[in-house]
Amino acid sequence: VKNKNVLQVIMKEDTQKLDEVVVVGYGSVDKKELTSAVTAVSSKDFLQGAFTSPLSMIDGKVSGVNVSNAAAADPNSSPNIQMRGASSIEAGNSPLVIIDGMPGADLRSVANQDIESITILKDGSAPAIYGSRAANGVILVTTRRGEQGKAKISISSNVSIQTPTRLIENCDSYHTALYYNEKLDNDGSSKERFSDYALNAFRTGSDPVIYPNTDWRKYIFKDTYLQTQHNINVNGGTEKVKYFMSVGYLNQEGLYATKDINFSRYNFRSNISAKISKYLTADAQLSGHVQDKMAPYDDDTYIIHGITRMHPYYSPYANDEEGKHYGLTNFQNPLARSDADVSGYRKERKKLFNGVFSLKYDMPFIPGLSAKVLFSYL
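The text that follows walks through the structure, step by step, so that each part is easy to find. (Residues numbered from 1 in each chain as written. Predicted model: local features only at pLDDT ≥ 70, side-chain atom pairs only at ≥ 80, totals over all residues. Heavy atoms only, no water.)

Listed as buried for helix α7 (residues 300-309) are Asp 300, Ile 303, Gly 306 and Ile 307. What you see down the axis of α7 is that its buried residues fit within an arc of 120°, all on one side. Buried residues along α7 sit in contact with α6 (216-220) and α8 (334-337). (Buried < 20%, exposed > 50% of the residue type's maximum accessible area, 1.4 Å probe, protein only. Helix = DSSP H or I, 4+ residues; strand = E, 2+ residues; numbered from the N terminus. Arc of directions from axis to C-beta. Contact = heavy atoms within 4.5 Å.)

Relative to the helices and strands, Asp 100 is located in the loop between β6 (96-99) and β7 (102-103). The class for Asp 100 is buried, based on a relative accessible area of 11%. Here Thr 143 takes part through its side chain, which lies 2.6 Å from a polar atom of the side chain of Asp 100. Setting aside residues up to four positions removed in sequence, Asp 100 forms contacts with Val 141, Thr 142, Thr 143, Arg 145, Arg 269, Gln 285 and Leu 374. (Polar contact = N/O pair within 3.5 Å; in protein donor to acceptor, adjacent residues only side chain to side chain.)

On inspection of all chains with the given rule, the structure shows 10 salt bridges. Two residues, Arg 349 and Asp 292, come together in a salt bridge whose shortest N-O distance is 2.7 Å. Here Arg 349 is found in strand β15 (residues 345-362), whereas its partner Asp 292 is found in strand β14 (residues 280-296), with 57 residues between them in sequence. We classify Arg 349 as exposed; its relative accessible area is 54%. Close ionic contact of Asp 299 with Arg 346 constitutes a salt bridge, the shortest N to O distance being 3.4 Å. Here Asp 299 is found in the loop between β14 and α7, whereas its partner Arg 346 is found in strand β15, with 47 residues between them in sequence. One network of salt bridges, in which partners are shared, links Asp 100, Asp 114, Arg 145 and Arg 269. (Salt bridge = Lys/Arg side-chain N within 4 Å of Asp/Glu carboxyl O.)

Below, the structure written as structure tokens:
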């Protein structure tokens with residue numbers, strides 16, 4: 001403002017966002033008419049970034065909603081959502097998820113490219129519409145529909161490289177042995193201490209077979225791992241019939257160097273709307289997916305915890321011979337635990353098909369009033 005003492009400010013009204021339509025409860029309203037805590041995320045937000053779940057897309061875009069993933073090393077894990085600090089999918093008191101009018105669906109099974117918008121109801125207005133099931137909030141999902149015009153084909157492909165944000169840094173063998181001796185001295189314990197020769201061997205690395213210095217992180221984790229997503233969809237139609245169809249593929253590697261943890265999914269969706277008469281509209285929404293999960297038998301919690309428990313002066317292999325894992329008697333070796341050939345494995349194939357058929361009749365004698373019959377097969 002430099003040296004001015006008087007400023008003239010002209011404020012102009014910006015009502016663009018107030019005219020946006022938000023899906024709520026039994027229909028949709030303009031933002032300017034909302035009086036409850038409702039937040040909407042549109043399709044343009046779902047095409048940004050390399051996210052594998054719509055839940056992750058919500059994070060940071062909706063106030064009062066926190067999305068986290070405690071098992072980030074496992075691509076088979078699902079994000080956890082908390083709405084105003086109360087609800088949690090993992091805790092069993094999750095928000096009610098409604099996809100295209102049908103409750104109880106799994107939001108994680110919907111491809112990001114198939115979503116038109118997500119609306120989140122966070123306050124008392126949700127139970128007023130949906131009852132006690134909505135006590136922890138409601139997540140309303142609307143999938144994409146066909147648009148009148150020539151067929152439009154969209155192809156998206158995303159290949160990303162992921163890497164750990166931060167890993168625990170463990171103490172090396174020399175300092176671990178040194179501090180262990182110091183602990184025994186402070187306790188006045190008579191337990192056997194590491195000799196000066198052992199301390200020197202740890203420090204210099206002169207005998208790595210007998211006196212190793214193992215960085216367990218390098219054995220367990222990869223520096224990077226790939227994630228690929230591909231999707232192709234087509235939409236169009238006439239005044240009478242409109243359609244949207246899509247197929248997609250997702251593959252995500254895990255963080256373990258053994259490559260024994262991964263997740264893949266094939267999905268499809270077909271939304272067709274036909275205007276049978278001036279007042280009668282029929283909709284058919286078909287969707288499904290086939291997903292495969294592979295993981296070592298032990299949970300990642302135990303594997304990652306094992307990194308902190310295994311001393312650096314232990315070798316992952318007996319006599320430093322690769323393939324013969326040390327520490328199998330008490331099964332503390334995290335490298336053995338992350339290897340499906342040693343610890344066993346968990347494989348899961350899940351197939352899902354969902355069909356929704358509906359008829360909507362617009363009452364000609366009362367504008368805005370309509371009746372809808374809906375049938376769903378899951």
